[in-house]
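As a plain string of letters, each chain reads:
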Amino acid sequence: MSDEEHHFESKADAGASKTFPQQAGTIRKNGYIVIKGRPCKVVEVSTSKTGKHGHAKCHFVAIDVFTAKKLEDIVPSSHNCDVPHVTRTDYQLIDISEDGFVSLLTDSGNTKDDLRLPTDETLLAQIKDGFAEGKDLVVTVMSAMGEEQICALKDIGPK
């Protein structure tokens, strides 16, 4: 063995995968699936039986959780599909900056300043109006596959 120290340049994260495999035949409506590299919520599943030697196929219709685009995929039901790890976290809204970023308070008392305001017009209006009125707002942030976006809003009363 040599006495030299080895330094590895690692650009990877802790190794927690952004997705996990699940058999296509077990994915149901309202579940999640990765289609064309995007995390999606399944809105419709239909299974077709095929001929003598073919596989049964699952036809998924899903909506991208961040862009709300409709995507479709057909996968043999015995094959594995990628399913994204989707988490929802609540944060208290502290501030809205002029450039469209929000300042959020985490459970640990730190601030999170890397999120933009949502693109959904009604949610955006609710957040801006509620903040302007001085209400205590809690936003729900959905994260999947390294992306995060504000997806819901709760009013917990006046400050």
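Here the structure is a predicted model, which is why all the values come from computation and not from measurement.

Check the secondary structure of the chain and you find one helix and eleven strands. Sequence-ordered secondary structure for the chain, helices as α and strands as β, is β-β-β-β-β-β-β-β-β-α-β-β. Counting every position in the chain, which comprises 159 residues, the buried fraction comes to 33%. Considering only contacts within the chain whose residues lie at least 6 apart along the sequence, 47% involve residues at least 24 apart. Total accessible area on the chain is roughly 10,500 Å²; 50% of this is exposed by carbon and sulfur atoms.

To continue, consider the confidence of the model for the chain. Per-residue pLDDT for the chain averages 86, and the proportion of residues at 70 or more is 88%. When the criterion is pLDDT under 50, residues 10-15 qualifies, and its contacts beyond four places in sequence or with other chains add up to one contact.

We now examine the nonpolar core. The tendency in soluble globular proteins is for nonpolar side chains to be buried side by side. With 18 residues, the main nonpolar core has Ile-27, Ile-33, Ile-35, Cys-40, Phe-60 and Cys-81 as its most contacted residues. Breaking this core down by element, the ones donating at least two residues are strand S2 (32-35), strand S3 (38-48), strand S4 (57-64), strand S5 (70-76), strand S6 (80-84) and strand S10 (135-144). If we skip the residues at most four places from it in the chain, Phe-60 touches Ala-24, Ile-27, Ile-33, Ile-35, Val-42, Glu-44, Val-45, Leu-71, Glu-72, Asp-73, Val-75 and Cys-81. If you look at the next biggest cluster of nonpolar residues, it comprises 14 residues, including Tyr-91, Leu-123, Leu-137 and Val-139.

This part covers the pairing of S5. Where S4 lies against S5, seven bridges are found, and the strand directions are antiparallel. The residue bridging Ile-63 from the neighbouring strand is Lys-70, located in S5. Joining the antiparallel neighbours S4 and S5 is a turn of five residues, in which Ala-68 adopts a positive phi near 65 degrees.

This next bit is on helix H1 (residues 121-132). Helical periodicity: at 3.6 residues per turn, an α-helix aligns residues three or four positions apart in one direction. Between its first and last C-alpha, H1 extends 16 Å over twelve residues, near the 16 Å set by a 1.5 Å rise per residue. Along H1, the residues classified as buried are Leu-123, Leu-124, Ile-127 and Gly-130. In an axial view of H1, the angular spread of the buried residues amounts to 145 degrees, which keeps them on one side of the axis. In H1, the exposed positions angled more than 90 degrees off the buried face are occupied by Glu-121, Thr-122 and Ala-132.

Conventions used here
- Residues numbered from 1 in each chain as written.
- Predicted model: local features only at pLDDT ≥ 70, side-chain atom pairs only at ≥ 80, totals over all residues.
- Heavy atoms only, no water.
- Helix = DSSP H or I, 4+ residues; strand = E, 2+ residues; numbered from the N terminus.
- Buried < 20%, exposed > 50% of the residue type's maximum accessible area, 1.4 Å probe, protein only.
- Contact = heavy atoms within 4.5 Å.
- Areas by Shrake-Rupley, 256 points an atom, 1.4 Å probe, with all protein chains shown as cover.
- pLDDT = per-residue confidence, 0-100.
- Core = buried A, V, L, I, M, F, W, Y, C linked by side-chain atoms within 4.5 Å.
- Pairing = 2+ DSSP bridges.
- Expected span 1.5 Å × (residues − 1).
- Arc of directions from axis to C-beta.

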